[in-house]
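Spelled out, the chains give:
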Amino acid sequence: MPIPLVLGAPATLALRALRPGGGPRQWRLAVLRSRALRVLGHPVVATGRFVGRLYGLSFSDLFEAAMRSHQGHLVMLTHAGLHRPRLPDLLADQNLAAGITWASGELPSAAVLAAPFRQWVRAD
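Parameters at a glance
- Residues numbered from 1 in each chain as written.
- Predicted model: local features only at pLDDT ≥ 70, side-chain atom pairs only at ≥ 80, totals over all residues.
- Heavy atoms only, no water.
- Helix = DSSP H or I, 4+ residues; strand = E, 2+ residues; numbered from the N terminus.
- Buried < 20%, exposed > 50% of the residue type's maximum accessible area, 1.4 Å probe, protein only.
- Salt bridge = Lys/Arg side-chain N within 4 Å of Asp/Glu carboxyl O.
- Axes fitted to C-alpha atoms, helices over the stretch in contact; angles between N-to-C directions.
- Parallel < 35°, antiparallel > 145°, perpendicular 65-115°, else oblique.
- Left-handed = near helix turned anticlockwise from the far one by under 90°.
- Contact = heavy atoms within 4.5 Å.
- Nonpolar A, V, L, I, M, F, W, Y, C, P; charged D, E, K, R; others polar.
- Phe/Tyr/Trp six-rings, centres within 6.5 Å; stacked < 30°, edge-to-face > 60°.
- pLDDT = per-residue confidence, 0-100.
- Patch = residues over 30% accessible without salt bridge, like charges linked within 9 Å, V, L, I, M, F, W, Y side chains within 5 Å.
- Areas by Shrake-Rupley, 256 points an atom, 1.4 Å probe, with all protein chains shown as cover.

S.K.: What should I look at first to understand the overall build of the protein chain in this one?
M.R.: Within the protein chain one finds eight helices and zero strands. Reading the protein chain from its N terminus to its C terminus gives the helix and strand order α-α-α-α-α-α-α-α. Looking at the protein chain as a whole, 5% of its 124 residues are labelled buried.

S.K.: Sorry, what's going on with the pattern of salt bridges here?
M.R.: Oppositely charged side chains may form a pair once their charged atoms are brought near each other. Per the stated rule, a full pass over the model turns up one salt bridge. Arginine 68 serves as the salt-bridge partner of glutamate 64, at 2.3 Å between the closest nitrogen and oxygen.

S.K.: Teacher, can you tell me more about the packing of helix 2 (residues 10-17) against helix 3 (residues 24-32) here?
M.R.: At a minimum axis separation of 9 Å, helix 2 and helix 3 run at an interaxial angle of 150°. Classified by the interaxial angle, the pair formed by helix 2 and helix 3 is roughly antiparallel. You can see that helix 2 and helix 3 cross each other, and the crossing is left-handed. Mapping the contact onto sequence places Ala11, Ala14 and Leu15 in helix 2 and Arg25, Arg28, Leu29 and Leu32 in helix 3. Considered class by class, the residues forming the contact of helix 2 with helix 3 number five nonpolar, no polar and two charged.

S.K.: What is the right way to read unusual backbone geometry from this model?
M.R.: Most peptide bonds take the trans form, and the phi angle of most residues other than glycine is negative. Positive phi, normally seen in glycine, also occurs at alanine 9, with a value near 50°. For alanine 9, a relative accessible area of 29% puts it in the partly exposed group.

S.K.: Would you mind going over the packing of aromatic side chains with me for this structure?
M.R.: How two aromatic rings sit relative to each other is set out by the distance from centre to centre and by the angle between their planes. If you walk through the whole model with that rule in mind, you get two aromatic pairs. Note on tyrosine 55 and phenylalanine 59: the rings are 5.6 Å apart at their centroids and 10° apart in plane angle, and the pair reads as stacked. Aromatic pair phenylalanine 117 and tryptophan 120: ring centres 5.6 Å apart, planes at 50°, arrangement tilted. Of this pair, phenylalanine 117 and tryptophan 120 both sit in helix 8 (residues 90-123), three residues apart, roughly one helical turn. Owing to a relative accessible area of 51%, tryptophan 120 belongs among the exposed residues under this scheme.

S.K.: Where do I start with the confidence of the model for the protein chain in this structure?
M.R.: When pLDDT drops low, the exact placement of atoms in the prediction is not to be read closely. Across the protein chain, the average pLDDT comes to 81, with 88% of residues at or above 70. Highest mean pLDDT in the protein chain belongs to helix 4 (residues 35-41) (92); lowest belongs to helix 7 (residues 70-80) (69).

S.K.: I'm lost on a nonpolar patch on the surface in this one. Help?
M.R.: Taken together, Phe50, Val51, Leu54, Tyr55 and Phe59 make up a surface patch of nonpolar side chains, about 540 Å² in accessible area. Structurally, leucine 54 can be placed in helix 5 (residues 43-58). Under the relative-accessibility criterion, leucine 54 is labelled partly exposed at 42%.

Now the structure itself:
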């Protein structure tokens, strides 16, 4: 989920926008307070789901099955069709991509850590 969307607190915004009482606000409250959502949203469970999905797809037969579909084939053709004249060496291209991916992953992590820190400082 995009970081600004998470920081925007859409569930809180929806609850504040709806009138108290019955109807949609109560339904949302019931869902948000449900045991299932608390379990699925727990950091340990969410991390397990993320890692499991990443490695479960990449290192299982699911990846091969996805690549055998027409849509998967088109994605792979589009990816192989990206001619990069500045980096004709595929290994150098992969090294650059890994570096960019690793470095760009730090920025959202810093934003996620900065938001609760800012809220903590404001609360004090």
